[in-house]
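Take a look at the letters that make up each chain.
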Amino acid sequence: MTSSQRAAWGWGLASIDEAGNTLDVWYPTATLGTIDDVPSKDTRPHHNFGSLAYDEADARGVKRVPVFTVSSVDEPIVDAADAYLRLHVMSLRLAAPNTLNLDGIFAALSNVVWTNYGPFAVDTFALRKLDVLNAAAQQAHNSGLHSYASADVNVLSIDKFPRMVDYVVPTGVRIGNADRIRLGAYLSEGTTVMHEGFVNFNAGTLGVSMIEGRISQGVVVGDGSDIGGGASIMGTLSGGGKHRVSIGKHSLLGANAGIGISLGDNCVVEAGLYVTAGTKVALYDKEKVAAGQPLDVVKGADLSGKDNILFIRNSVTGAIEARSRTAGKLGIELNSALHKN
């Protein structure tokens, strides 16, 4: 490791199950710099988790232990604490998507039962749920309460990734449904994610954006762009290609539309249209149409990342067409009051 290599570091609070597995780590703050910047054991600030940390397992079978983690962010992930730190670094907006090495993240993370009581190990969940319910009921009884409704254990998900907002609450954003934003999402100020919007880890917005559709892992959306309701963007996690899709500035992916290619600036994909790398796209030419000549046809991949394109389906012929938009004219203009978060 050289002194110029990037590193992230910070104090975290780790949840450790009975088998010694790290279920999660919460880092209230984190720092990104170089390996030379990492404070030594004698100079690093002390953790201040107070009674939140405990060495004895609670009713879930989980103990919470302070950990100081240093992550070489350009190298593969080494363990769960390292993985959680890198996810925090992105959600804290210290590093944009696709700028950290996430190799090994799925092997490092445990599958976890996420609940209103915090994380549980999957294998022992049923028995530990009973212990939690009994402990809560006993506490309520000792307090003279007769209703134990608040003791219910509600399962939020079973997943390797938790909700972002349980760990990081970024400033200047609105989120309609917190369950649909994974830790590791990068949401710039001015972003609004509506109730059906979804943002995966290592993905997000690079400016003021409206998100009503799905942003898959590795996808970034530029300033002033809109992902319409029900729209989807291909990722690379499972079954996809190697290309990481991106959307430029002031572009619109219409409602129920989708793309497997990148969009440049000032682009529009009409509602309901899906354009992939292999889609045959006719290049609209007004003069050829007037002369009755056939249009040139290319693959969607040939137009990936190009600016000033309107993708539509010709309602008469059914052919997918790419039409030129006026350079410099905004593809869309978001409501500034709506995104003043």
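For clarity, every value in this text was computed on a predicted model and none was experimentally measured. (Residues numbered from 1 in each chain as written. Predicted model: local features only at pLDDT ≥ 70, side-chain atom pairs only at ≥ 80, totals over all residues. Heavy atoms only, no water.)

Re helix α1 (residues 80-91)
A turn of α-helix holds 3.6 residues, and therefore any two residues three or four places apart point the same way. For α1, built from 12 residues, the straight-helix expectation of 16 Å at 1.5 Å per residue is met to within 8% by its first-to-last C-alpha distance of 17 Å. Within α1, 12 of the 12 residues are buried, which leaves the element mostly enclosed by the surrounding structure. Of all the positions in α1, only Ala80, Ala81, Asp82, Ala83, Tyr84, Leu85, Arg86, Leu87, His88, Val89, Met90 and Ser91 are classed as buried. Its side-chain oxygen 3.4 Å from the backbone nitrogen of Ala81, Asp79 forms the N-cap of α1. Positive backbone phi, at 65°, marks Arg93, one or two positions downstream of α1. (Helix = DSSP H or I, 4+ residues; strand = E, 2+ residues; numbered from the N terminus. Expected span 1.5 Å × (residues − 1). Buried < 20%, exposed > 50% of the residue type's maximum accessible area, 1.4 Å probe, protein only. Polar contact = N/O pair within 3.5 Å; in protein donor to acceptor, adjacent residues only side chain to side chain.)

Some points on the sheet that holds strand β12 (residues 203-205)
The sheet built from four strands is open, its strands ordered β9-β12-β15-β18 with parallel pairing. Two strands close off the open sheet at either side, each with one partner strand: β9 (185-186) and β18 (246-247). In the sheet, β12 pairs with strand β15 (residues 220-221) via two bridges, with the strands oriented parallel. Each residue of the ladder has a partner; that of Thr205, found in β15, is Val221. (Pairing = 2+ DSSP bridges.)

Side note on the UniProt feature "active site" (unreviewed entry) in the protein
When the UniProt feature table is mapped to this numbering, "active site" (unreviewed entry) covers Glu212. Among the structural elements, Glu212 can be located in the loop between β13 (210-211) and β14 (214-215). (UniProt positions renumbered as here; feature names shortened; annotations may be inferred.)

Section: the packing of aromatic side chains
In this structure the tally under the stated criterion is seven aromatic pairs. Seen in terms of ring centroids, Trp26 and Phe49 are 6.3 Å apart; in terms of plane orientation they differ by 55°. Their pairing is tilted. Taken together, the residues Trp26 in strand β2 (residues 22-26) and Phe49 in the loop between β3 (31-34) and β4 (63-71) connect sequence positions 23 residues apart. Centroid distance Phe161 to Phe201: 4.3 Å. Interplanar angle 15°. Geometry classified as stacked. With a gap of 40 residues between them, Phe161 in the loop between β7 (155-159) and β8 (174-175) and Phe201 in the loop between β11 (198-199) and β12 connect regions that are remote in the sequence. (Phe/Tyr/Trp six-rings, centres within 6.5 Å; stacked < 30°, edge-to-face > 60°.)

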